[in-house]
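Working through the structure, step by step
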Amino acid sequence: MQPISIYIAWVGTGLAFFTLYILSVGYRKESSLTHKLLCLLVFCWAWTMLVTTSIASGIIMDFPHLFRTAIPLGFLIGPTAFLYIQNITYPEKKISAFSWLYFLPAGLAFLDLLPFYLSSAVSKQEAYLAYLSDSSFRVFSVTEGILPANGIFWIMLILGIGYVFAQGRLLYLRAKENTNAKGLKIDDRQLIWLTALIIFQLIGALTLAWTLSSVEKDINVFYTYTTTYTLGFVFLSSVLYRCPEILYGQAVVEAVLPKETKKNSYVPISDEQIEEYAQQVKAYMQTHQPYLNPELSLNTLAQELAISRNHLSIVLNNGMGVKFNDLINQHRLLHLAHQFETINYPQLTIEGIASEVGFKSRTTFMHSVKKMTGLTPSKFIESLREKKPLDISIPN
């Protein structure tokens, strides 16, 4: 009979895959990078729990090709969570080509174990049995690669702890900015969710460290690790399920809300609030440059400012006298003009230059330039290169 910890682990694994399914409901081709990163993160956890529980329960003998497949995914968790939190706390920062180097250890781990992955099912069953019959029995022991028996897990642990501290630093710095900048804050539920995410990874890292350094050499240590990891994920899921805008994606949540609910949820806003919010929007544009994000929308900006979508629309239309798209595109053109004071972008096409400041298409860039300067894009860029003064304004 299986110990109770195995049944707990299977329930947790089912919850993980159910959560992944719910996230996929909110996944669309145009989904934000943040949502895509969260999907990848939950997939890594779900697969890791599936493989770990299969090993602990012995079911891996019936599905030997699962053996060792969770190891590369273990290296994906830290960088994926880091980029996910960075994308929420500092959305103006773009994911650069350099950022993908974070995933290099996962690729190297996969290549290290590739010969084992290509081996037969019988070979993998024999490897599993040899792993269990090892007299020294190291709970996390990998002998199929070129690294020492549990060396790959020590590397995973060190990198994981590093990413946990990096994520905590991002959240701390953003929280510090929230304190110093009036009205600029992450939503409370979002803050709780990100904190829980970091705590869960820290629990996983500490449990892994305990398991690797444990003097006990029996399967019970493995059961303890599996149960702790599972209960940690249950805790994390309980927080996530209280944030439907994160779980389903903001667009999906708005789509399923009845029109009456949206209408009745409107709260009047005073002239003083409009003026205060208008100053907040202007300050946020200057300090955080959200317009550089090509995926920026009215909903996204409202979330970042912790203002309701309806109120932000009123602030823009009545308080500032501009439409959302015009405001964002004006800031993009002003930013481009500022960039040309030091950079001429000699190697970039018009599309390349436009994408540098957040425009998603050449058409939008051309329309904005013509509307706000009266010039063609080529004449506009030529004037910037020649350092000619330009009036970039939204026509009445």
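My aim in this report is to walk through the structure given alongside it, one point at a time. (Residues numbered from 1 in each chain as written. Predicted model: local features only at pLDDT ≥ 70, side-chain atom pairs only at ≥ 80, totals over all residues. Heavy atoms only, no water.)

At Arg68, a residue that is not glycine, the phi angle is positive and equals roughly 75°. Among the secondary structure elements, Arg68 is positioned in the loop between helix 2 (33–57) and helix 3 (70–89). Using a relative accessible area of 7% as the deciding quantity, one classes Arg68 as buried. (Helix = DSSP H or I, 4+ residues; strand = E, 2+ residues; numbered from the N terminus. Buried < 20%, exposed > 50% of the residue type's maximum accessible area, 1.4 Å probe, protein only.)

Our focus in this paragraph is helix 17 (residues 362–373). Between the first and last C-alpha of helix 17 there are 16 Å, a value that for 12 residues agrees with the 16 Å anticipated at 1.5 Å per step. Of the positions making up helix 17, those classed as buried are Phe365, Ser368, Val369, Met372 and Thr373. Summarising the axial view, the buried residues of helix 17 lie within an arc of 100°, below the 170-degree limit, and thus occupy one face. Turned more than 90 degrees away from the buried face of helix 17, the exposed residues are Thr363 and His367. On its buried face, helix 17 is in contact with helix 15 (324–339), helix 16 (350–356) and helix 18 (377–385). Of the residues flanking the end of helix 17, it is Gly374, one or two places downstream, whose phi is positive at about 80°. (Expected span 1.5 Å × (residues − 1). Arc of directions from axis to C-beta. Contact = heavy atoms within 4.5 Å.)

Within the element layout of this structure, Asn318 appears in helix 14 (residues 309–319). Taking the relative accessible area as the measure of exposure, Asn318 reaches 60% and is therefore exposed. Through-space distance from the C-alpha of Asn318 to that of Ile274 is 8.2 Å; in sequence the pair is 44 residues apart.

Moving on, we get to the packing of helix 1 (residues 4–25) against helix 2. With their axes 9 Å apart at the nearest point, helix 1 and helix 2 run at an angle of 155° to one another. Here helix 1 is positioned roughly antiparallel relative to helix 2, judged by the angle of their axes. Two packed elements cross with a definite hand, and for helix 1 against helix 2 that hand is left-handed. For the contact of helix 1 with helix 2, the per-class residue count stands at 16 nonpolar, 7 polar and no charged. (Axes fitted to C-alpha atoms, helices over the stretch in contact; angles between N-to-C directions. Parallel < 35°, antiparallel > 145°, perpendicular 65-115°, else oblique. Left-handed = near helix turned anticlockwise from the far one by under 90°. Nonpolar A, V, L, I, M, F, W, Y, C, P; charged D, E, K, R; others polar.)

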